Amino acid sequence: MYKVFVNEKKLLISKHPEELEKKLGYENYTTLEIALDLLENTSLQELNVYGENIDEIWQQFQNLFRIIEAAGGLVNNPEGDVLFIKRLGKWDLPKGKMEKGESREESAVREIEEETGLRDVELVKFINTTYHIYVERNGEKILKCTHWFEMNFNGEDTSTPQIEEGITEVAWKNISQIENEVFPSTFKNIKLIVKEFWELKK
């Protein structure tokens, strides 16, 4: 099953029909184009495309876009707080595009250290990948795949925002702050990965 966010609306690609606002049985790639059109141009908030051969559907879906891979992390300190950045008025997790020749793990650590100013972040394990779609200024459609890792930090807190990347704040947030401050002002795929991470920690 794949969850993709299109302008903060949910597209779910699954083997079997799911109870969402609208469902489309997969016939060919036109089904995917119709699904995207509905999410981009109507008030529909969620849509499910389903079909037996989910790998084929996902491959066809990816062919509609230029794919950009990114990596980032949920960094924990010994108190159990998670590190967030603020960019363009929204809370986000530190992440960024992978560079040529980098592994996902290397990219995640580098981006966190660049965006937050922390050093010696310890990578623990892979959590999951989130997907969202956006359109470049030239009209090109991008599918961004962000690979998320659990990380620990137990050193001197040297956190400073990377201003040149538009980051205005770096802050550790506890569970209550995440639910009351971060969640009302973040992206759906960030909420998704944080909640998934909490489930893993239970």
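Presented here is a report on the structure given in the accompanying data block. (Residues numbered from 1 in each chain as written. Predicted model: local features only at pLDDT ≥ 70, side-chain atom pairs only at ≥ 80, totals over all residues. Heavy atoms only, no water.)

### Brief notes about the pattern of salt bridges
Oppositely charged side chains can form a pair if their charged atoms are brought close together.
At step 1: Taken as a whole and assessed by the stated rule, the structure comprises 14 salt bridges.
At step 2: Of the charged contacts in the structure, one is a salt bridge between glutamate 99 and arginine 110, with a shortest N-O distance of 3.6 Å. Of the two residues, glutamate 99 sits in the loop between β8 (95-97) and α3 (104-116) while arginine 110 sits in helix α3, which places them eleven residues apart along the sequence.
At step 3: Judged by its relative accessible area of 46%, glutamate 99 is partly exposed.
At step 4: Relative accessible area serves as the criterion here: at 16%, arginine 110 is assigned to the buried category.
At step 5: A salt bridge links glutamate 181 to lysine 173; the nearest nitrogen and oxygen atoms lie 2.7 Å apart.
At step 6: Look at the salt bridges and you will find they share partners, linking Glu99, Glu102, Arg110, Glu111 and Glu114 into a network. (Salt bridge = Lys/Arg side-chain N within 4 Å of Asp/Glu carboxyl O. Helix = DSSP H or I, 4+ residues; strand = E, 2+ residues; numbered from the N terminus. Buried < 20%, exposed > 50% of the residue type's maximum accessible area, 1.4 Å probe, protein only.)

### Points about the packing of aromatic side chains
At step 1: Under the counting rule described, the total for this entry stands at eight aromatic pairs.
At step 2: Note on tryptophan 58 and phenylalanine 61: the rings are 5.5 Å apart at their centroids and 25° apart in plane angle, and the pair reads as stacked. Residue tryptophan 58 and its partner phenylalanine 61 are both found in helix α2 (residues 54-62); the two are separated by three residues, about one turn of the helix. Exposure class is identical for tryptophan 58 and phenylalanine 61. Each is buried.
At step 3: Both rings, one in tryptophan 58 and one in tyrosine 131, keep their centres 4.8 Å apart while their planes meet at 70°; by these two values the pair is edge-to-face. (Phe/Tyr/Trp six-rings, centres within 6.5 Å; stacked < 30°, edge-to-face > 60°.)

### With respect to the environment of glutamate 150
At step 1: Structurally, glutamate 150 can be placed in strand β10 (residues 141-152).
At step 2: Separated by 24 residues in the primary sequence, glutamate 150 and phenylalanine 126 place their C-alpha atoms 6.2 Å from one another.
At step 3: Residues in contact with glutamate 150, not counting those within four places in the same chain, are Leu74, Asn76, Glu122, Leu123, Val124, Lys125, Ile127, Phe197 and Lys201. (Contact = heavy atoms within 4.5 Å.)

### Side note on the pairing of strand β3 (residues 22-25)
Remember that side chains alternate between the two faces of the sheet whenever the strand is regular.
At step 1: The pairing of β3 with strand β4 (residues 46-50) spans four bridges and is parallel. Bridge pairing in β4 links lysine 23 to asparagine 48.
At step 2: Regarding topology, helix α1 (residues 29-41) serves as the crossover connection from β3 to the parallel β4, and that connection is right-handed. (Pairing = 2+ DSSP bridges. Right-handed = clockwise from strand over helix to strand, strands pointing away.)

These results come straight from atomic positions and should not be treated as a statement about function.
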